[in-house]
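Examination of the molecular architecture
The chain contents come next:
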Amino acid sequence: MLLTQTQDADATTSEATSAIQELSCDEFLIFRLGKEEYGIEILKVQEIRGYDTITHIANAPEFIKGVINLRGVIVPIIDMRIKFNLGTAHYDQFTVVIILNLSGRIIGVVVDGVSDVIHLNMEQLRPAPEFGGVIDTEYIIGLGTLEERMLILVDIEKLMSSSEMGLLEQADK
């Protein structure tokens, strides 16, 4: 039994280390959800916009706020705060929408705020431990450390292609 648990932990650590090594860049856009800071690969970000009028879609899941017309492209808008049960979502002048380009599909995600773009080298990246957070650890690439800050690095493409989100076709990996 103990040997099986050790083997499972080793496999999880190995997968997390592999996810870090497969990163396509070492620059991340940092955003806030609640009190936590998250990072996504900057190459997946198309632009950052203020929260604006959204057309609601009937019978859509609550975390799908609706759609916007972005220069002729209809873009679904996902509120990550609602998706991850981070309390009541308030929309103010700091609320932003990160427009992502994931495998050619344009998706917007609402976050509490965007702080900066940072460069992390391999020494600053750690595999994600098994923990009960607001995001299933399956979608966490790892943790980035920058001075006193702890950044949760999210595999946004894997998250958006998950069966529960269903916004991208699942990759055949």
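Residues numbered from 1 in each chain as written. Predicted model: local features only at pLDDT ≥ 70, side-chain atom pairs only at ≥ 80, totals over all residues. Heavy atoms only, no water.

In the nomenclature of an unreviewed UniProt entry, the chain corresponds to Chemotaxis protein CheW from the organism Nitrosomonas stercoris. According to its UniProt record, the chain has this under Subcellular location (unreviewed entry): "Cytoplasm". (UniProt positions renumbered as here; feature names shortened; annotations may be inferred.)

1. With respect to unusual backbone geometry
If you check the backbone angles, N59 has positive phi at about 65 degrees while not being a glycine. Of note in this structure, S103 is not a glycine but carries a positive phi near 50 degrees. On the secondary structure map, S103 appears in the loop between β6 (96-102) and β7 (105-111). Assessed through its relative accessible area of 61%, S103 is described here as exposed. (Helix = DSSP H or I, 4+ residues; strand = E, 2+ residues; numbered from the N terminus. Buried < 20%, exposed > 50% of the residue type's maximum accessible area, 1.4 Å probe, protein only.)

2. A few points about the sheet that holds strand β5 (residues 73-79)
Strand-to-strand pairing in sheets goes through backbone hydrogen bonds, with the strands running parallel or antiparallel. With mixed pairing, the five strands of this open sheet are ordered in space as β3-β6-β7-β5-β4. Strand pairing shows two members of the sheet lacking a second neighbour, β3 (45-50) and β4 (64-70), which therefore form its edges. Ignoring strand direction, the axes of neighbouring strands in this sheet form an average angle of 30 degrees. Examined bridge by bridge, β5 and β7 share three bridges and lie parallel to one another. Opposite D79, over in β7, you have V110 as the bridge partner. (Pairing = 2+ DSSP bridges. Axes fitted to C-alpha atoms, helices over the stretch in contact; angles between N-to-C directions.)

3. Side note on the packing of aromatic side chains
Under the criterion given, the structure shown has two aromatic pairs. With centroids separated by 5.7 Å and ring planes inclined at 20 degrees, the aromatic side chains of F31 and Y38 adopt a geometry described as stacked. On the accessibility criterion, Y38 (2% relative accessible area) is buried. With a centroid separation of 4.4 Å and 20 degrees between ring planes, the pair formed by Y51 and Y91 is classed as stacked. Note that Y51 is positioned in the loop between β3 and β4 and Y91 in the loop between α2 (80-83) and β6, a separation of 40 residues in sequence. Overall, the relative accessible area of 26% leaves Y51 in the partly exposed class. Overall, Y91 belongs to the partly exposed group, its relative accessible area being 31%. Over the face of the ring belonging to Y91 we find R81, whose NZ or CZ atom lies 4.8 Å from the ring centre. (Phe/Tyr/Trp six-rings, centres within 6.5 Å; stacked < 30°, edge-to-face > 60°. Lys NZ or Arg CZ within 6 Å of the ring centre and 35° of its normal.)

4. Some details on the nonpolar core
Membership of the largest hydrophobic core comes to 29 residues, with the highest contact counts inside it found for I40, M80, I98, L100, V109 and I156. Sorting the residues of this core by element identifies β1 (27-33), β2 (36-41), α2, β6, β7, β10 (140-146), β11 (149-154) and α3 (156-160) as the ones contributing at least two each. Of all the elements, β6 adds the most residues to this core, at four residues. With near-sequence residues (within four places) excluded, L100 lies in contact with I40, K44, V45, Q46, R105, I106, I107, V109 and I156. (Core = buried A, V, L, I, M, F, W, Y, C linked by side-chain atoms within 4.5 Å. Contact = heavy atoms within 4.5 Å.)

5. Comments concerning the sheet that holds β11
Strand order across the open sheet formed by six strands is β8-β1-β2-β11-β10-β9, with mixed pairing between neighbours. Only two strands of the sheet have a single partner each, and these edge strands are β8 (113-119) and β9 (125-126). The sheet contact formed by β9 and β10 spans two bridges and is antiparallel. Considered in β10, the bridge of R126 is made with L143.

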